Every structure is written in C-alpha cells, then in structure tokens.
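Listed below are the residues making up each chain.
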Amino acid sequence: MNVLRRLVWVFALVAFPFAAVSMQACPFCDGEKGPTMTLQFEEAAMVIYGHFENPRTTGDFGGGESDLVFEAVLKPHDAIKGLKKITLPKHIADSKLKFVVFCDVYKGKIDAYKGTQVSDASEMRRDIDDILKNQDKSQPERLRVAFDYLNSPEIEVAMDAYREFARAPYSDYQNMAKTLPADKIAGWLQDPKTPAYRYGLYASLLGHCGNEKHAAILFEMINDPEKRKVSGLHGLMAAYTMLEPKKGWSFLTELVQDKEKPFLVRYSGLQTMRFLWDNRLDLISKDEKIAKTTVVKGVANVLAVSDMADFAVEDLRKWQRWDHCDQVLDIFGKKGFTTPIIRKSILRYALQCPSPRAVAFVKAQEALEREWVQETRELLNLETAPPPTPAKKDTPAKK
C-alpha cells in the first residue's frame, strides 16, 4: 500500500483513468476498461458520503485542509467509529458540493485517495445505493441492475455499468438477457449518439431477447459500410446468428471465404465462429458432435484465404482437430502462403499433431532448419505448459 498517494478529486462526472484490467471477460466488450464502482467499494477500507466545511490554509506554500462532514457512511471502519467528521488535506470552500470519498487506513491513519463529486439527485447516487443493496446477490442479478444504467446520461454512471458487463463472462448474462426490453436495446443501437464500442455488447444482449424484426436491424448494421468499421462487429454477427441461426451461419461461412470483403470484416466473421465454438454450439445443432464438426469445417475453409490462414491453423491446433492435418500441411510452401507467420503456425500445428504425416513433416523441417524448429518447439512448450503449482506453506510439526 502506498501511503503517499495523493488525494484525487473529481469535480465533474467524468471518468477517472485507472490501470487497465488484465483480461477482458465479455467477448463483445471494447473501449475503456477499469475497476467498477463495485470493485472500488470492495478494495476501499471505508467509503464516506458527505460535504466539506471549515476550509483553511495550512503551511507556507498555500496548502489547505477541510473537514469532511459525514452524511452517510457507505462502508464503515473502526477508524471512524463514533466520529461525525474527519479532516482531510484538501481545501474545498463550497459546502454545497457532495462527495463520495474512498479511503484506506494505514497504521491508524486515514488515507483518502479518491473523491467523486455527486449530488443527492444524481443517477450516480442512486447507482451507488443499488450497488450496496445488491452486493450480496448473484452476478446475473447484479448485471440486471447494471443494465438499467447502461445508457445513463451521466457518463461515469454509464461507463461503470458498461464495465460491470465488460468483466463478466458471457455465461453470467446469457440467461438474464432473455428478460431485457428488446426495443429499448434496438433503439440504443440505432441512436447515432451511441458510442461505436458499445455496439458489440448491446447487440449480444439483443440477440437473446429480440425477434426477426431486430435481426433485420442487426443485418442492416452489419452491411452498413460505416458500422462495419467498428470493433464490435462480431457482436452484431453473433447476435444476428442467435436470432437467425440458419441464415446467420450461412452468412458467416460465405463471408470468411470472400476475398473481396475487407480483412477486418472477414476476421469478425471468424471471431464469431470462435464464439459459437466456445459458447453457442446449440445454435448450429442440438447434437454437439455435429455442431463441432460444422464449426470446424467452417473455420477450415479459411485455410484457403492467404491473409487469414494462420488464424485458422491456430484455431484447429487449439481445438486439436488433427483430422484436418492434410489440409493444413498442403498449404505449406504454396504460393501466397509462404509468409513467416503462416509457416510458423503450420509448424506449431505439426509439432502437436500425432499423425504420421505431421511427424514426418517436422523431421523434414528439422533437417532443413533445425534452429527454427527448436525455437518454435520451445515457445510452444512454454505456451502450453500448465501454471506452476503454488508452494505449500510449511506446517509446524505436531508435538
């Protein structure tokens, strides 16, 4: 803990920069990431809502301090038990301003490291109340609450709700999304003021609660030259496939092979196929084996597309689809498929594939470029190695 962190005060409802989260859980969420209000409450030792009084100047360099008067203790701590106010090193003259103040406690001293300005009538205040009211409920239930704030006119509130979805795995909102108001979400998607990075999430929600009318809206967006430039395009494609499974899958299989389409559009189609493999095989077939075979065939067709072949090879390797070994090895050295990244992806596949042809291929490459093969093998082993087991703590011997 850094006890020297300065007190950060946000005097307007704007997003405060945080370190990016390490991994994005939602497959369709893009844009700014950061700790949600829920996580901020969990990490803080205490949280206070109140206003400032008695501002005064301190020191020789124009420093100041004020008394934070408690109006509500949102997260209590023994350090403020019985207190009605605390003094903080910030000169705030307007007692009408209200703040939510996040604090740590270190060696008995209070370290107030963030203050966010709010008002009694603001959506942020209601959002905080809902967070506290629902903090012990399940994640799907909390996400349903967050949904109501996704399109808040208060930017920080809307961003916080978005971050709740961004850190949630798809399975956490898959069933909950079936209960959402489809027309409202469709309106958000069609609103020109909606940030493009939100299209993927909004579309994926609509895919669970919408109908044919909404599928048509999604398909129109997918084919809009401007909308197709956004990073959430695969969310639109996934949602369309949810609402129109047969049409959606047919669209995807044709798209990923169409060399006339822009690369990013085709890649979004491949991303959608990966999403179906990971989460929604049921959209392809009720028989999981048939569904997997169908998706694999769709991805394997990408092997014929030179600027995306390496992605397809990697997917087939990760899915351990060794039945496509001949198809993968056949493109090695083929005109248009000789880039280093394609060659390496094929070698990685062959190094893990148990088929006799793959084994013979690796031996042949070792004879030609032993160092290249060895380096690729070592990197692959590092990638696929299981995480180390945490060391067990020594336990005192029983007497």
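That block above? That's the structure.
An account of the accompanying structure is given in this report. (Residues numbered from 1 in each chain as written. Predicted model: local features only at pLDDT ≥ 70, side-chain atom pairs only at ≥ 80, totals over all residues. Heavy atoms only, no water.)

Among the residues making up helix 6 (residues 182-190), those that are buried are Ala182, Ile185, Ala186, Trp188 and Leu189. Down the axis of helix 6, the buried side of the element spans an arc of 155 degrees, and every buried residue falls inside it. Next to the buried residues of helix 6 lie helix 3 (139-147), helix 7 (199-209) and helix 8 (212-222). (Buried < 20%, exposed > 50% of the residue type's maximum accessible area, 1.4 Å probe, protein only. Helix = DSSP H or I, 4+ residues; strand = E, 2+ residues; numbered from the N terminus. Arc of directions from axis to C-beta. Contact = heavy atoms within 4.5 Å.)

Okay, the pattern of salt bridges next. Evaluation of the coordinates by the stated rule reveals 25 salt bridges. In this structure, the salt-bridge partner of glutamate 65 is arginine 56, at a minimum N-O distance of 3.1 Å. Arginine 56 sits in the partly exposed class, given a relative accessible area of 23%. Taking the shortest distance from any N to any O, the salt bridge between aspartate 282 and arginine 280 comes out at 2.9 Å. (Salt bridge = Lys/Arg side-chain N within 4 Å of Asp/Glu carboxyl O.)

Moving on: the nonpolar core. Counting 106 residues, the largest nonpolar core has Leu150, Phe165, Tyr173, Leu201, Leu205 and Leu218 as the members making the most contacts within it. Counting residues per element, this core draws most heavily on helix 9 (residues 233-243), at 8 residues. Not counting residues up to four positions away in its chain, the partners in contact with leucine 150 are Ala158, Ala161, Tyr162, Phe165, Trp188, Arg198, Leu201, Tyr202 and Leu205. Among the nonpolar cores identified, the runner-up in size contains 14 residues, and Ile80, Leu88, Ile92 and Cys103 belong to it. (Core = buried A, V, L, I, M, F, W, Y, C linked by side-chain atoms within 4.5 Å.)

Another aspect to go through is the packing of aromatic side chains. Per the stated rule, a full pass over the model turns up 18 aromatic pairs. Measuring from ring centre to ring centre gives 5.2 Å for phenylalanine 147 and tryptophan 188, while their planes differ by 35 degrees; the resulting arrangement is tilted. Taken together, the positions of phenylalanine 147 in helix 3 and tryptophan 188 in helix 6 put the pair 41 residues apart, joining distant regions of the chain. Phenylalanine 147 sits in the buried class, given a relative accessible area of 1%. The exposure class assigned to tryptophan 188 is buried, which follows from its relative accessible area of 10%. Summarising the aromatic geometry, the rings of phenylalanine 219 and phenylalanine 251 are spaced 5.5 Å apart at their centres and angled 75 degrees between planes, so their arrangement reads as edge-to-face. Here phenylalanine 219, found in helix 8, pairs with phenylalanine 251, found in helix 10 (residues 245-255); they are 32 residues apart in sequence, far enough to count as distant. Take phenylalanine 251: its relative accessible area is 17%, and that puts it in the buried class. In textbook terms, an aromatic cluster arises when at least three aromatic residues are bridged by ring pairs, as seen for Phe28, Phe165, Tyr170, Tyr173 and Phe275. Over the ring of tryptophan 277 we find lysine 292, and its NZ or CZ is 5.4 Å from the ring centre. One Lys or Arg, arginine 343, reaches over the ring of tryptophan 372 and ends 4.5 Å from the middle of that ring. (Phe/Tyr/Trp six-rings, centres within 6.5 Å; stacked < 30°, edge-to-face > 60°. Lys NZ or Arg CZ within 6 Å of the ring centre and 35° of its normal.)

In this fold, threonine 241 is placed in helix 9. On the basis of relative accessible area, threonine 241 is assigned to the buried category, the value being 1%. Setting aside residues no more than four positions away along its own chain, threonine 241 makes contact with Gly248, Trp249, Leu252, Leu276 and Leu283.

A separate point is the pairing of strand 4 (residues 85-88). Alternating residues of strand 4 divide into Ile86 and Leu88, all buried, and Lys85 and Thr87, none buried. Bridge count between strand 3 (residues 63-75) and strand 4: 4 bridges; the pairing is antiparallel. Bridging from a neighbouring strand, leucine 68 pairs with isoleucine 86 of strand 4. (Pairing = 2+ DSSP bridges.)

It is the contact of helix 3 with helix 4 (residues 155-166), at a shortest axis distance of 9 Å, that shows an interaxial angle of 150 degrees. When the axes of helix 3 and helix 4 are compared, the pair comes out roughly antiparallel. The way helix 3 lies across helix 4 gives a crossing that is left-handed. Listed contacts from helix 4 to Gln139, Leu143, Ala146 and Phe147 of helix 3 are Ala161, Glu164 and Phe165. Broken down by class, the residue content of the contact of helix 3 with helix 4 amounts to 5 nonpolar, 1 polar and 1 charged. (Axes fitted to C-alpha atoms, helices over the stretch in contact; angles between N-to-C directions. Parallel < 35°, antiparallel > 145°, perpendicular 65-115°, else oblique. Left-handed = near helix turned anticlockwise from the far one by under 90°. Nonpolar A, V, L, I, M, F, W, Y, C, P; charged D, E, K, R; others polar.)

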